[in-house]
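Residue strings, one per chain:
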There are 2 protein chains.
Amino acid sequence: MPEYSVIGKRLPAIDGIAKATGEAKYTDDMVLPRMLFGKILRSPYPHARIINIDTTRAERLPGVKAVVTAKDTTRKKYGVNSKLADQYPLAIDKVRYIGDEIAAVAAIEEDIAEEALDLINVEYEELPAVFDPEEAMKEDAPMIHDVERNISGRTWLNFGDVDKGFAESDYVREDRFETNDQSHCQIEPYVALATFDTSRKLTIWTPNMSPFVKRRMLARALNLPESDIRVCKSYIGGAFGGRVEMFACEFCASLLSMKTGRPVKITYTREEVFTTTRRRHPMIIELKTGVKRDGTLMAREIRVIGDTGAYNSTGLQAVYICCDGFVRTYRCPNIKYEGHCVYTNKTISGAMRGHGSIQSRFADESQLDMIAEELGIDPVELRLKNARQSGDVLPNKVQITSCGLTECIQRATESAGWKAKRGKQPGNRGLGIACTAGTTSLNVSPLCSSAAVIKLNDDGRATLLTGAVDNGQHTETMLAQIAAEELGLTLEDVKVTAGDSESCPTDIGSYLMSLTFVTGKAVKLAAADAKRQLLEIAAERLEAEVEELDAKDRRIYVKRNPERAISFPDAVMTGLMKGIPILGKGYYMPQTEYSNMWTGQARETPTYSFCAQVAEVEVDRETGQVKLVETSVAHDCGLAINPMDVEGQLQGCVAMSQGMALSEEFIWDNGQMLNPSFSDYRIPLPLDVPEVKPIIVESVDPEGPFGAKDAGEPPAHLGPAAIANAVYDAIGVRIKKLPITPDKILQALRRKE
Amino acid sequence: MPEYSVIGKRLPAIDGIAKATGEAKYTDDMVLPRMLFGKILRSPYPHARIINIDTTRAERLPGVKAVVTAKDTTRKKYGVNSKLADQYPLAIDKVRYIGDEIAAVAAIEEDIAEEALDLINVEYEELPAVFDPEEAMKEDAPMIHDVERNISGRTWLNFGDVDKGFAESDYVREDRFETNDQSHCQIEPYVALATFDTSRKLTIWTPNMSPFVKRRMLARALNLPESDIRVCKSYIGGAFGGRVEMFACEFCASLLSMKTGRPVKITYTREEVFTTTRRRHPMIIELKTGVKRDGTLMAREIRVIGDTGAYNSTGLQAVYICCDGFVRTYRCPNIKYEGHCVYTNKTISGAMRGHGSIQSRFADESQLDMIAEELGIDPVELRLKNARQSGDVLPNKVQITSCGLTECIQRATESAGWKAKRGKQPGNRGLGIACTAGTTSLNVSPLCSSAAVIKLNDDGRATLLTGAVDNGQHTETMLAQIAAEELGLTLEDVKVTAGDSESCPTDIGSYLMSLTFVTGKAVKLAAADAKRQLLEIAAERLEAEVEELDAKDRRIYVKRNPERAISFPDAVMTGLMKGIPILGKGYYMPQTEYSNMWTGQARETPTYSFCAQVAEVEVDRETGQVKLVETSVAHDCGLAINPMDVEGQLQGCVAMSQGMALSEEFIWDNGQMLNPSFSDYRIPLPLDVPEVKPIIVESVDPEGPFGAKDAGEPPAHLGPAAIANAVYDAIGVRIKKLPITPDKILQALRRKE
C-alpha cells in the first residue's frame with residue numbers, strides 16, 4: 001500500500017471537543033425569536049374511521065396560534081418509494097395505528113399546545129384491527145389499506161434451478177425463524193424547528209441523514225419548490241437508519257410555520273419516538289437448504305414475511321434485502337426466494353442499521369450451524385468452504401471486486417480462540433460464529449450520487465463543502481482526511497462545511513453504507529481537481545511540467561528534486577494574481593443500475609464489504625440469563641480511513657446487535673406498545689457490553705476512495721446469529737425466535753430435559 | 001440590444017420584504033448563549049505618550065471576564081496597504097488622536113463593561129499636537145509617526161510636457177480649493193459579534209463590504225490562519241465605502257472571545273462611529289490649467305494635500321485617485337501631478353463613496369466654469385469640447401472601450417432645461433453642471449477577483465453561491481438577475497447564498513465599483529458553465545447538438561424547432577441519473593495591472609463609467625441658505641441590470657453629495673470633534689432632498705456582464721461641484737472651500753459688495 005500521511009491515521013474527531021463540552025448545539029437547544037411550540041394529536045385506536053374533527057375549541061384557547069388538520073394539506077399521499085406512497089401527512093378518513101397523526105397545534109407555550117390537543121374533538125368509528133402479519137394475510141382479515149390480504153408488496157427471484165439443486169443434495173433441511181422489532185434508541189429525540197419567512201422560504205433544522213432527501217420529501221408534501229426549502233446543518237445525536245424519511249414533526253412544524261409566519265419547534269417525547277417513528281421490521285423467515293455431504297451449498301429456498309406496520313415506508317426494501325442476503329454471503333448455484341411485505345395495525349417499520357440483513361443473517365447463520373452439526377463439520381469450515389471470493393459473479397451480475405471474507409473468518413476465529421474453545425468450554429460457556437456481506441451504496445433511487453466542492457483559501461488551506469451529515473460516525477473528520485491526503489495538506493488544514501442543502505452540493509446522504517464510498521469518492525475527486533489547478537499554477541512558477549510535480553505537507557515540489565518547491569499559500573496567491581481562485585469540484589455516482597426490487601435482477605451495488613463475528617457467551621441455567629462475555633469482529637472495510645473510527649463503528653455495531661439478540665423488543669397489547677421508555681425497553685448499557693476485539697481487514701477496493709468501502713453497518717448484522725449459535729454451543733438449545741430472553745432459554749432447557 | 005427576460009427589468013429586491021418588516025436581523029439584533037458585552041477604552045488626548053496602563057482594578061470588578069491591552073496582541077502593525085501599515089490594534093507607547101484604542105473589556109452586562117473602563121488607570125505624557133495638514137508639513141511640526149514632515153506617502157506623475165503646454169496656452173489660471181471632511185452616517189452603527197469555539201475557529205458577524213478582506217485583516221492581526229476565521233453573512237445597514245477595513249470593535253470582540261471562550265459583542269455608540277471609525281479625506285487642491293482660446297485643454301498641474309488623520313488607512317489611495325481624476329474625465333495632453341498624504345492628530349480618514357474623486361471634481365469642475373466665463377464659452381460647450389470619447393487611450397495606457405459622457409452631458413442638460421434656464425433665471429436661482437469618470441474595479445490588490453458557484457436543484461431551480469455582500473444596493477437581486485438571464489430561468493428560480501467566507505467562493509467585495517463588473521461577470525460565467533452542462537445533458541435527450549440548443553423560461557429547446565424541448569427539472573434529473581449533478585463555476589479578474597500609486601503608470605481599470613449632473617439652486621441672500629431645488633443626473637452605467645436599482649443609486653448619490661456640498665462637516669476643537677451626533681452633524685433629511693431626475697445612459701461595455709459597468713459611485717462625485725457652479729450662476733459668488741454654508745455665502749456676498 002502507498003505511504004499515506006493522513007489516511008489510515010488514528011486522528012481524533014475534528015468536532016470531538018465541541019460535542020464533549022456541550023458547545024455543540026442540537027436542534028432542541030435552539031431558540032428563535034417569536035418561536036412557537038408544536039404538539040401533535042394522535043390516534044388512540046389501532047384502526048378506526050374518522051367521522052369528524054372539530055378544532056374550534058382548541059383554536060379558541062388563549063395562546064394557541066394555529067391548528068392544522070388534513071384540510072390544510074395537499075391531501076396527497078407520500079412515501080419513501082413514490083410508487084408505494086400510502087400515507088397522508090395528516091390522517092384522512094382513517095387511522096391505522098395507535099399514534100397515527102391527526103392534527104397539530106402551535107402555541108406560545110408547550111403546555112398550552114398540550115392542553116389544546118385535549119380540546120380537539122375527534123369522532124371515530126372503531127374498526128377491527130390485525131396485529132400479526134400471518135393473520136393479516138388471511139382472506140378474512142381486516143383490510144388496512146385497499147390491498148388484498150394486506151400484502152403491500154412482493155419480491156421474488158429464481159436463480160438456477162432449485163428443484164434440481166435439492167435433488168442433487170445429500171442433505172436438506174427446513175427451518176422457520178422469527179425476528180423481533182427493535183427501536184433505534186437514538187439519544188437525541190426526533191425534533192424539528194421550522195421557520196417560513198417573508199420571502200416564502202422554509203428553513204428547517206432537524207436531525208437527518210440527508211438534507212437533500214428531507215428537502216425532497218418536504219417539498220412534495222408541502223407543495224413547495226425544493227429550492228424554497230433549506231435544510232440546515234444541525235448536530236445529530238444518532239440516526240442508525242431511522243432519520244431518512246420525513247417525519248410528522250418536520251411536516252407539522254413546517255406547515256404550522258407557514259400558517260403562522262413564526263418559527264415552530266416540535267420535540268417528541270421518548271414515548272412518541274418509540275411508538276410513532278420507526279422500528280425494525282419483525283420478519284418470519286422460512287428457509288430450506290440443500291447441501292452436499294462435504295458441506296457445499298446446492299440449493300436454497302427462502303420465504304420471507306416482513307411486518308411493515310401501518311404503512312409501507314421501507315418495508316419492501318427490507319424484505320428484498322433480507323432475501324438478497326442469501327445471495328451475497330455464500331456461493332450457491334440455485335436460489336429461489338419470495339418475500340411479502342405485510343401491513344399490520346402497529347407502529348410503522350422502517351430502515352435501521354442492518355436493515356433486512358440482520359434478519360437474514362439470523363436465519364442463514366443459525367441454519368448453517370445446524371447443518372454443520374448434522375454433517376459433522378466445523379461451522380467455520382462449512383463457512384470457509386462456501387464463502388464468497390473475489391472475482392465471483394453474483395446472479396444479479398455484480399462481480400465481486402474485493403473480498404476479505406475468508407480473512408475475516410480466519411482472523412475473527414483466531415482472535416476468539418475458536419479452535420481451543422469451541423465445544424470445549426467448561427461450565428455453560430460457548431462460542432458461535434456468523435458472517436455477512438453488505439452492499440456498499442445500494443442504489444435505490446436515481447439520486448444516489450454525491451458532489452463535493454473544495455476551495456483553497458488565501459492561507460493555502462482548504463474548505464470542503466459537502467452535503468454529507470454526521471450522525472455520530474465522524475463523517476466530517478473522515479471526509480477531511482480524504483481531502484487532506486489527496487491535496488497534500490494536513491487534517492487541520494481542511495475545514496468542513498457540511499450538511500446544509502443550500503450551500504453544499506447534492507449528496508446521497510449518510511445511509512445505505514454509501515457515505516465513505518460515494519461521498520468519499522466525490523470528495524477525493526474534488527480534491528484531485530483542486531490539486532490539478534494548483535499544480536498547473538505551480539508548474540509555471542517551478543518551470544516544470546504538471547506531471548513532474550506532486551504535493552505533500554503543504555508544499556508543491558518537483559518529484560525528482562523535492563527541494564524545488566513552492567508553498568501552498570504561495571501557489572494560491574499566484575493563482576489569485578492571475579485571476580484563478582482555486583475551486584475544485586468532484587462528483588461520483590456508483591456505476592449500478594436502478595435496483596428492481598421486484599425481481600432482484602439488477603446490479604445493485606458497486607462492491608460488497610464482508611464481516612465475521614465470533615461471540616462467546618455464558619448462560620445462567622438458573623435464571624436463563626445470557627451474558628455476552630467477549631466478542632471478536634473482523635470487518636473488511638476495504639481500507640480504514642481512520643482506524644479509530646472504524647473500531648468505534650465495530651464496537652457500536654456489536655452493542656446494537658447484542659441488544660436485538662438478548663433484550664430489546666416491543667411488548668404489544670392490541671396495537672399498544674407497553675414498554676415505550678428506557679426503563680422498560682432495555683438497551684445494553686455500558687456495563688452490559690463486553691470487551692469487543694475489533695479486527696480491520698483491508699481488501700483495498702479498486703473503486704473505493706483509497707480502497708475504502710464501509711464500516712458502520714455489516715458488523716451490526718451478526719449479533720443475534722453469533723449469540724444464538726454460541727448459546728447452542730454453551731447449553732445445547734437452539735433459539736429460533738428472537739430475542740433470546742431468559743424465559744425462552746428456560747422453556748427450551750425444560751423442553752430439552 | 002438583445003431581448004432579455006430578466007436583465008433590464010424593474011424587479012423588486014428579493015429581500016425587500018424581510019428588510020421592510022424587520023424580519024431581517026442585523027448584527028446588533030443577535031444574541032448568543034453566554035454572550036458578553038465589550039467596551040473599548042480610548043485616548044482622551046490628541047497626542048500623548050503612554051507611560052503605564054494598570055488594568056487590575058477593572059479586572060477585579062464583579063462581572064468583568066477579561067481586559068485586553070496591547071500586551072495581549074502580536075504587537076504588529078497593520079494597515080490597508082501592508083507596505084504602509086502604521087497602526088497597532090491596541091495602542092503601544094503612543095496615542096495619536098482622541099479616540100485611539102488603548103484597551104478593551106468584556107463583561108456580563110454592558111454597563112459593567114462601561115464601568116470597568118473607568119477603573120483602567122492610564123498614565124499619559126501629553127505631547128504637542130497638530131491638526132492642520134499644512135502646519136503638519138512644516139519642518140518644526142510635532143512628529144506624529146516617524147516620518148519627515150508628517151508626509152506618510154506621495155504620488156506623482158508627469159504626462160507630456162506641462163511647461164510646453166502652458167507656453168502654448170492662450171489662457172492660464174491658478175486656483176486653490178479646499179474640501180471638507182464627511183461622515184458615512186450609515187444608519188447601522190459599527191458592531192461586531194465574535195465567538196471563538198473549542199475547535200479554535202473564530203466566527204464573526206459584522207457589517208462589512210467583503211468577508212474576504214475582513215478575514216484577511218483579522219487573520220493577520222490575530223495571528224490566526226485565514227481558514228480558522230469565518231465571516232458570516234449579516235444584513236448590513238449601509239457601508240458607503242466605510243466598512244472595508246478592520247475596525248477595533250471587530251479586533252477587540254475577537255480577541256476578548258479568544259481570551260474568554262465566550263461570544264463577545266461590541267456595538268459602537270454614534271459618537272464612537274463619528275469620531276473613531278473613518279471620515280472623508282479633507283483635501284487642499286492647487287490647480288493650474290492652461291487652455292486655448294477655443295477652450296481646448298492644453299496643460300494641467302495639480303498639487304494635492306490629503307489629510308489622513310492619525311493613521312494611513314487609504315490616505316495615499318485617496319490622494320492618488322484625486323490626482324488621477326484629472327486624467328480620466330477630459331482630454332489633456334500635458335498633465336503633472338503631485339500628491340501628499342499627511343498625518344494630523346485627528347480621526348482617521350478612509351474610503352468613502354466618491355473616495356478622492358469628489359474632491360477632484362470640486363476643484364476641476366469649479367475651475368472649468370471660471371475658465372468658461374473668462375473665455376465666454378458656455379460651460380457645457382467647454383465640457384463637450386474636451387470630454388473623453390470611446391477609443392481614447394489614457395496616459396496610463398487604458399483604452400476607453402465604452403463612453404457615454406457626451407450623451408450624459410447632453411441628456412442631463414436637456415432634462416434640466418439648461419439652454420432656457422442657465423444664466424437666465426429670475427431671482428436668486430442658478431444652474432451648474434459637473435462631470436466625472438469613474439474606474440470600474442480599480443485594481444488595488446492582487447486579490448481583486450471574484451469566483452461564483454451555481455448549483456441546480458432537483459426542481460430545476462438554481463442556488464447561487466457568491467462572496468458578495470449587500471450593503472443596501474440590492475446586490476443579491478442584481479446577481480440573481482444575471483444568473484437567471486444567463487441560465488434561462490426567472491428571478492424567483494434563483495436563490496442566493498452570499499457573503500459567507502466559509503461556504504462562498506472568494507470575492508473582491510462590494511467596493512471599488514467592482515461588484516457589478518467583477519462579481520457580476522463571475523456569476524455570468526458560472527451560469528454559463530452550468531448551462532453548458534445542462535445543454536450537454538439535454539442534447540442527448542433531444543437528439544441534437546449542443547450548439548443547436550438554447551434555454552429560456554425554464555425550458556431547453558431546439559432553436560430551429562422550439563417545440564422540441566425538455567424542462568429544467570427533467571434535464572437536472574436526467575443529469576443526476578447519469579451521476580452528473582450540475583454545478584457551474586465561474587471566475588473573473590479584471591485584466592489590469594497592479595496599480596502603482598506612486599507613479600500612476602498602470603492599467604488601473606478595465607473600463608470607466610461616466611456621469612454628468614446639473615443642479616438648480618436657489619440662494620436666500622438674507623440667510624445665506626442654499627437650497628437644491630432640482631437636479632438631473634445622467635450616468636453611463638454600461639447597462640442597467642435593474643433600472644429601479646440604478647435609479648435608487650443615482651438618488652442616493654445626489655443626497656450624499658448634497659450633504660457634503662451644503663451642510664456636513666466636522667467641527668474641530670484641538671482634535672476634538674464637537675458635533676458627533678445626528679442633531680449637530682446635519683445630513684440632508686428626506687425633505688431636504690429635491691426631485692432627482694435620474695437618466696440612465698447605456699453605452700454597453702464590451703467586457704461588462706451584459707454590458708454593465710457600475711452605478712453606485714460616480715454619481716456621488718458631483719454634488720459639491722455642480723452646486724458651487726449653480727450658486728455662482730445664481731448670485732455671482734464663487735465658493736472654493738467646502739461646505740457651502742450660509743456664513744460663507746454671506747461673507748462672500750459682503751466681499752462682493
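Participant: Teacher, can you tell me more about helix H6 (residues 211-222) of chain A here?
Facilitator: What sets the pattern is the α-helix's 3.6 residues per turn: residues three or four places apart point alike. End to end, H6 of chain A covers 16 Å across twelve residues, agreeing with the expected 16 Å (1.5 Å per residue, within 8%). Buried within H6 of chain A we find Pro211, Phe212, Val213, Lys214, Arg215, Arg216, Met217, Leu218, Ala219, Ala221 and Leu222 of chain A. Here the buried face of H6 of chain A lies against strand S10 (202-205), strand S11 (229-232) and helix H7 (248-260) of chain A together with strand S17 (450-456) of chain B. One or two residues past the end of H6 of chain A sits Asn223 of chain A, with phi positive at roughly 60 degrees.

Participant: What should I look at first to understand the relation of the copies chain A and chain B in this one?
Facilitator: Applying a rotation about an axis and a shift along it to one chain copy brings it onto the other copy. Rotating chain A by 180 degrees and moving it 0.0 Å along the rotation axis overlays it on chain B with an RMSD of 0.0 Å. The two molecules are tied by a two-fold rotation axis, judged by turn and shift. Closest approach to the rotation axis among the C-alpha atoms of chain A is made by Ser503 of chain A, whose C-alpha sits 3.0 Å away. Same-surface contact between copies: 100% of interface residues of chain A are shared with the interface of chain B.

Participant: I would appreciate a short explanation of the nonpolar core in the present structure.
Facilitator: Nonpolar side chains in soluble globular proteins tend to end up buried together. Grouped together as the largest cluster of nonpolar side chains are 191 residues, with contacts concentrated most on Ile556 and Ile723 of chain A. The biggest single contributor to this core is helix H15 (residues 515-542) of chain A, with 14 residues. Discounting chain neighbours no more than four positions away, the residues touching Ile556 of chain A are Leu534, Leu535, Ala538, Leu542, Leu549, Asp550, Ala551, Arg564, Ala565, Ile566, Phe568 and Ala571 of chain A. Of all hydrophobic cores here, the second largest spans 190 residues; its members include Ile400, Ala498, Ala530 and Ile735 of chain B.

Participant: Any chance you could explain the packing of helix H10 (residues 357-375) of chain A against helix H11 (residues 379-386) of chain A here in plain terms?
Facilitator: How two helices sit against one another is set out by the angle between their axes and by the gap between those axes. Residues and elements named next belong to chain A. The N-to-C vectors of H10 and H11 enclose an angle of 110 degrees; their axes lie 9 Å apart at closest approach. If you check the angle between H10 and H11, you find them roughly perpendicular. Crossing handedness for the pair H10 and H11: right-handed. Touching Glu365, Leu368, Asp369, Ile371 and Ala372 of H10 are Pro379, Leu382 and Arg383, all from H11. Among the residues forming the contact of H10 with H11, the class breakdown is five nonpolar, no polar and three charged.

Participant: Just checking my understanding: could you explain the pattern of salt bridges for this structure?
Facilitator: All names here are of chain B. This model, assessed by the stated rule, comprises 120 salt bridges over all chains. Between Arg230 and Asp500 there is a salt bridge, with the nearest N and O atoms lying 2.5 Å from each other. Here Arg230 is found in strand S11 (residues 229-232), whereas its partner Asp500 is found in the loop between strand S19 (494-498) and helix H15 (515-542), with 270 residues between them in sequence. Given a relative accessible area of 26%, Arg230 falls into the partly exposed group. Its relative accessible area of 7% is what places Asp500 among the buried residues. Between Lys524 and Glu486 there is a salt bridge, and its shortest N-O distance comes to 3.4 Å. With Lys524 in helix H15 and Glu486 in helix H14 (residues 475-487), this pair connects stretches of sequence that are 38 residues apart.

Participant: Would you mind showing me how to read a negative patch on the surface here?
Facilitator: Taken together, the side chains of Glu109, Asp111, Glu115 and Asp118 of chain A make up a negatively charged region of the molecular surface. Along the chain, the position of Glu109 of chain A falls in the loop between strand S5 (101-107) and helix H3 (110-118).

Participant: I'm lost on the pairing of strand S25 (residues 626-636) of chain A in this one. Help?
Facilitator: Walk down a regular strand and you will see the side chains alternate between the two sheet faces. Residues and elements named next belong to chain A. Of all eleven residues in S25, nine are buried, a share of seventy percent or more. In this sheet, S25 lies alongside strand S24 (residues 607-619) in antiparallel orientation, the contact comprising ten bridges. The residue bridging Ala612 from the neighbouring strand is Ala634, located in S25. Hairpin connection between S24 and S25: a loop of six residues separates the two successive antiparallel strands, and Gly624 in this loop has a positive phi of roughly 80 degrees. Pairing of S25 with strand S28 (residues 691-697), which is carried by seven bridges, proceeds in the parallel orientation. For Val633, the partnering residue across the bridge sits in S28 and is Pro694.

Participant: Is there a simple way to explain the interface of chain A and chain B in this structure?
Facilitator: Many analyses report the size of an interface as the accessible area lost when the parts associate. At the junction of the two partners, chain A supplies 52 residues and chain B supplies 52 residues. Approximately 4,200 Å² of surface area, both sides summed, lies buried where chain A meets chain B, with 56% of it carried by carbon and sulfur atoms. Taken as a group, Thr198, Leu583 and Tyr587 of chain A account for 13% of the area that chain A buries against chain B, more than any other trio of residues on that side. Counting across the interface, chain A meets chain B through four salt bridges. Here Asp458 of chain A ties to Arg216 of chain B by a salt bridge, and the two come within 3.1 Å at their closest N and O atoms. Joining chain A to chain B, the criterion identifies 24 residue pairs in polar contact (both at pLDDT 80 or more). Elements with a minimum of two residues in the side of chain A that touches chain B: helix H1 (16-21), H6, strand S17 (450-456), strand S18 (462-466), strand S19 (494-498), H15, helix H16 (568-577) and strand S23 (583-588) of chain A.

Participant: What's the story with the sheet that holds strand S15 (residues 334-343) of chain A in this structure? I'm lost.
Facilitator: Pairing between sheet strands relies on hydrogen bonds along the backbone, with the strands arranged either parallel or antiparallel. Residues and elements named next belong to chain A. Judged by pairing direction, the sheet is mixed, and its five strands sit side by side in the order S7-S15-S14-S13-S8 without closing on themselves. Each having just a single partner strand, strand S7 (151-159) and strand S8 (171-178) make up the two edges of the open sheet. Pairwise comparison of adjacent strand axes, ignoring direction, gives a mean angle of 5 degrees for this sheet. Both strand S13 (residues 283-291) and strand S14 (residues 297-309) contribute to a ladder of nine bridges, which runs antiparallel. The residue of S14 that forms the bridge with Thr289 is Arg300. In the packing of helix H9 (residues 315-328) onto the sheet, contacts are made with S7, S13, S14 and S15, and the angle to S15 comes to roughly 160 degrees.

Participant: For this particular structure, what's the right way to read unusual backbone geometry?
Facilitator: Outside of glycine, negative phi angles account for most residues, and trans bonds account for most peptide bonds. Here the residue pair Leu738 of chain A and Pro739 of chain A is connected by a cis peptide bond, since its omega of -10 degrees sits within 30 degrees of zero. As for its position among the elements, Pro739 of chain A is in the loop between helix H18 (719-731) and helix H19 (742-752). Phi angles above zero are rare outside glycine, and Asn223 of chain B is one such case at about 60 degrees. For Asn223 of chain B, the location among the structural elements is in the loop between helix H6 (211-222) and S11. For Val700 of chain B, which is not glycine, the phi torsion reads 50 degrees and is therefore positive. One can find Val700 of chain B in the loop between strand S28 (691-697) and helix H18 (719-731).

Participant: When you look at the environment of Gln425 of chain A in this model, what are you seeing that I'm missing?
Facilitator: Residues and elements named next belong to chain A. Along the chain, Gln425 falls in the loop between helix H13 (418-421) and strand S16 (429-440). Overall, Gln425 belongs to the buried group, its relative accessible area being 19%. Taking the C-alpha atoms as reference points, Gln425 and Glu616, separated by 191 residues in sequence, lie 9.9 Å from one another. If we ignore the near neighbours within four places in the chain, the residues touching Gln425 are Leu431 and Glu616.

Definitions and limits used
Residues numbered from 1 in each chain as written. Chains lettered and ligands numbered in written order. Predicted model: local features only at pLDDT ≥ 70, side-chain atom pairs only at ≥ 80, totals over all residues. Heavy atoms only, no water. Helix = DSSP H or I, 4+ residues; strand = E, 2+ residues; numbered from the N terminus. Expected span 1.5 Å × (residues − 1). Buried < 20%, exposed > 50% of the residue type's maximum accessible area, 1.4 Å probe, protein only. Contact = heavy atoms within 4.5 Å. Least-squares fit on C-alpha atoms with pLDDT ≥ 70 in both. Core = buried A, V, L, I, M, F, W, Y, C linked by side-chain atoms within 4.5 Å. Axes fitted to C-alpha atoms, helices over the stretch in contact; angles between N-to-C directions. Parallel < 35°, antiparallel > 145°, perpendicular 65-115°, else oblique. Left-handed = near helix turned anticlockwise from the far one by under 90°. Nonpolar A, V, L, I, M, F, W, Y, C, P; charged D, E, K, R; others polar. Salt bridge = Lys/Arg side-chain N within 4 Å of Asp/Glu carboxyl O. Patch = residues over 30% accessible without salt bridge, like charges linked within 9 Å, V, L, I, M, F, W, Y side chains within 5 Å. Areas by Shrake-Rupley, 256 points an atom, 1.4 Å probe, with all protein chains shown as cover. Lys, Arg positive; Asp, Glu negative; His and termini not counted. Charge placed at Lys NZ, Arg CZ, Asp CG, Glu CD. Pairing = 2+ DSSP bridges. Buried area = accessible area lost by both parts, 1.4 Å probe. Polar contact = N/O pair within 3.5 Å; in protein donor to acceptor, adjacent residues only side chain to side chain.

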